[in-house]
Amino acid sequence: MITHHGEGPAWDADAGVLRLVDMLAGDVVTLDVPVRRQHVGDVAAAWRPCRDGGLVVAVERGFVLVDSDGAVGPLIPAFADVRLRMNDGACDPRGRFYCGSMAYDARLGAGTVYRLDTDLTVHPVLNGVTISNGMAWSLDGHQVFYVDSATRRIDAFGFDAEGGRFLERRPLVTLDHLAAEPDGLTIDSEGALWVALWGGSAVHRYSPVGELLEVVEVGARQVSACAFGGADLDVLYVTTSRQGLADHEDPAAGAVFAVRPGVRGAPSNQFAGRAG
């Protein structure tokens, strides 16, 4: 398997590769020939490319910048509580990086979504979350779609682009009827959302108003995240996890799956700070 707990895929357009994280191994994984790993800390929660080269990575309790030569910079701390870790994140259209935290024991309301500004200062954006997961901006940048897996919903927030703030919140999709939880998500060029279903062996596509449009079956149960990649952004890559499974369970868990769903993804926003 490529990962134990695969998460956080995104397409690096400049390098022409898909990268993801093996979260609890602390590695950023590059799908190339051969597959490459960059160790960044005890946890690698999420990553995005920097506009000027290198990567920004959310690690256990903050952020690091990785330069084009692979050197990992000093920790930019977000919080000090050792009971918590970062979990998933993305960049907004102006190039600020957001990542949400969660308690190791998934304690209710212990997490916070943080914003890393381009000047490398860190600011809380949303408090009281439990398992902070997928995040994606609407094509016009006026909304941010967000998953706290414990709510079993995809929520839509208004977005203050100038201040980088989440505004009024409303449920967009409720998944109480499924024996699965929403996890990572991405957006396509038509504005529809693709959400991974942890425990559901699938990715669902929803319209911007929350209508179920498509179901993509996945050959592993714990589907963690998805992202569009390839030169034409026409491949949907799907990460999965072996976390909590015995060796004989779910043999394909930890693999990365790929499908061409007939629609292209929206380009991934890059971090506008400098990695050196």
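Residues numbered from 1 in each chain as written. Predicted model: local features only at pLDDT ≥ 70, side-chain atom pairs only at ≥ 80, totals over all residues. Heavy atoms only, no water.

S.K.: So what about the environment of S189? Which residues, and what values?
M.R.: Mapping S189 onto the fold places it in the loop between β17 (181–187) and β18 (193–198). S189 sits 77 residues away from A266 along the chain, and the two C-alpha atoms are 4.7 Å apart. Residues contacting S189, with those up to four places away along its chain left out, are L139, V263, R264, G265 and A266. (Helix = DSSP H or I, 4+ residues; strand = E, 2+ residues; numbered from the N terminus. Contact = heavy atoms within 4.5 Å.)

S.K.: Give me the lowdown on the packing of aromatic side chains, citing residues and values where you can.
M.R.: This structure, assessed with the given rule, holds eleven aromatic pairs. On the numbers, 5.6 Å between centres and 25° between planes, the contact of F79 with Y114 is stacked. With F79 in the loop between β8 (76–77) and β9 (84–91) and Y114 in strand β11 (residues 111–116), the pair connects residues that are 35 residues apart, well separated along the chain. On the basis of relative accessible area, F79 is assigned to the buried category, the value being 12%. Given a relative accessible area of 10%, Y114 falls into the buried group. Each ring, one from F159 and one from F166, has its centre 6.4 Å from the other, and the planes form 65°; the classification is edge-to-face. F159 gets classed as buried once you look at its relative accessible area, which sits at 8%. Note on F166: relative accessible area 10%, which makes it buried. (Phe/Tyr/Trp six-rings, centres within 6.5 Å; stacked < 30°, edge-to-face > 60°. Buried < 20%, exposed > 50% of the residue type's maximum accessible area, 1.4 Å probe, protein only.)

S.K.: Please set out the sheet that holds strand β23 (residues 256–259) residue by residue, giving values where relevant.
M.R.: Taken in spatial order, the three strands of this open sheet run β21-β22-β23, and their pairing is antiparallel. Among the strands making up the open sheet, the edge pair consists of β21 (223–229) and β23. On average, adjacent strands in this sheet sit at an angle of 25° to one another, irrespective of strand direction. Summarising the sheet, β21 and strand β22 (residues 235–240) pair through six bridges and their orientation is antiparallel. Bridge pairing links C226 to V238 in β22. (Pairing = 2+ DSSP bridges. Axes fitted to C-alpha atoms, helices over the stretch in contact; angles between N-to-C directions.)

S.K.: Which residues make up the pattern of salt bridges, and what values do they have?
M.R.: On inspection of all chains with the given rule, the structure shows 18 salt bridges. D22 is paired through a salt bridge with R37; the nearest N and O atoms lie 3.0 Å apart. Of this pair, D22 sits in strand β2 (residues 17–22) while R37 sits in strand β4 (residues 36–39), and the two are 15 residues apart along the sequence. Given a relative accessible area of 43%, R37 falls into the partly exposed group. Where R94 meets E162, a salt bridge forms, and the shortest distance between an N and an O atom there is 3.0 Å. Here E162 lies in the loop between β15 (153–160) and β16 (165–174) and R94 lies in the loop between β9 and β10 (97–103), a separation of 68 residues in the sequence. Each of D22, D27 and R37 takes part in one network of salt bridges that share partners. (Salt bridge = Lys/Arg side-chain N within 4 Å of Asp/Glu carboxyl O.)

S.K.: With reference to specific residues and values, describe the nonpolar core.
M.R.: The tendency in soluble globular proteins is for nonpolar side chains to be buried side by side. Counting residues in each nonpolar core, the largest one holds 33 residues, and the members touching the most others are V57, F63, M86, F97 and F271. When contributions to this core are tallied by element, the ones reaching two or more residues are β5 (44–49), β6 (55–59), β7 (62–66), β9, β10 and β11. The biggest single contributor to this core is β6, with five residues. Counting 17 residues, the second largest nonpolar core, distinct from the first, contains A136, I154, L172 and V195. (Core = buried A, V, L, I, M, F, W, Y, C linked by side-chain atoms within 4.5 Å.)

S.K.: How would you sum up the state of the cysteines? Please name residues and give values.
M.R.: On inspection of all chains with the given rule, the structure shows zero disulfides. Cysteine C50 is unpaired, with the sulfur of C91 as its nearest cysteine sulfur at 7.9 Å. As a non-bridged cysteine, C226 has C99 as the owner of its nearest cysteine sulfur, 16 Å distant. (Disulfide = S-S within 2.5 Å.)

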